[in-house]
Amino acid sequence: LFYMNTVHISDLMLKANLGITPSHLMMINTWMMISLITLFPLMGYLSDKLGVVRFMKVSSLCTIAVAFPLFWLITYEPSFTNFILAQLTFNVCAAGFVGPSGAFLAELFPIEERYSGVAVGCSVGEAVFGGTTPLAATMLILWSNSEIAPAFYLMFCSALGLLALTMADVPQSN
């Protein structure tokens, strides 16, 4: 979600001819990163109160629910406001999953294997799904001839996250 938000949607914003220069786009991305970083501890706190696994599942479901409508909005009704709305909404969804992930990952592995398990799991996951996101988004657009197609990649990755959370052997009460 992070790469889609900062790379692909930013590219769409430039292509939409909204009068945004690349330097303005970098400033927008900076503010989006600040909003995301600000949301992480808030989402972590809320997940402590509501349950880490439950909170992450809701965040996955939210991403699945909003991906297509937001991509439709920025594709067929491109405006500065709609792009910012889409990016901020995706930031909330991403922070809702990433904010509590530290607590989730700590419970996923025994103490003796925690550092290795988290390091390998996160690195491989980010490389496979995060690192290939710009390529996947571009290929989906080329194959489908639709700027909305990357929404389905977000929905697929969120569904995988939801499946992993469902299958994980982690206490639901935390």
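Everything below is about the structure shown above.
All of the points below concern the structure found in this document. Given the structure is predicted, the values throughout are model-derived calculations rather than measurements.

Attention now moves to the nonpolar core. Of all hydrophobic cores here, the largest spans 23 residues; its most connected members are Phe71, Ile74 and Phe90. Those elements that provide at least two residues to this core are α1 (2-15), α2 (22-50), α3 (52-76), α4 (80-98), α7 (133-144) and α8 (150-167). Among the elements that take part in this core, α3 stands out by supplying 5 residues, more than any other. With near-sequence residues (within four places) excluded, phenylalanine 71 lies in contact with Met4, His8, Ile9, Leu12, Phe90, Glu147, Ile148, Pro150, Ala151 and Leu154. Listed in part, the 8 residues of the second largest apolar core include Val53, Phe104, Leu165 and Val170.

With that out of the way, let us pick up the side chain of asparagine 82. With respect to the helices and strands, asparagine 82 occurs in helix α4. Reaching out from asparagine 82, the side chain makes a polar contact with the backbone oxygen of glutamate 77 at a distance of 2.6 Å. Ignoring any residue separated from it by four or fewer positions in sequence, one finds asparagine 82 in contact with Leu73, Ile74 and Glu77.

Rules used in this analysis
- Residues numbered from 1 in each chain as written.
- Predicted model: local features only at pLDDT ≥ 70, side-chain atom pairs only at ≥ 80, totals over all residues.
- Heavy atoms only, no water.
- Core = buried A, V, L, I, M, F, W, Y, C linked by side-chain atoms within 4.5 Å.
- Buried < 20%, exposed > 50% of the residue type's maximum accessible area, 1.4 Å probe, protein only.
- Helix = DSSP H or I, 4+ residues; strand = E, 2+ residues; numbered from the N terminus.
- Contact = heavy atoms within 4.5 Å.
- Polar contact = N/O pair within 3.5 Å; in protein donor to acceptor, adjacent residues only side chain to side chain.

Everything listed is a geometric property; what it means functionally is a separate question.
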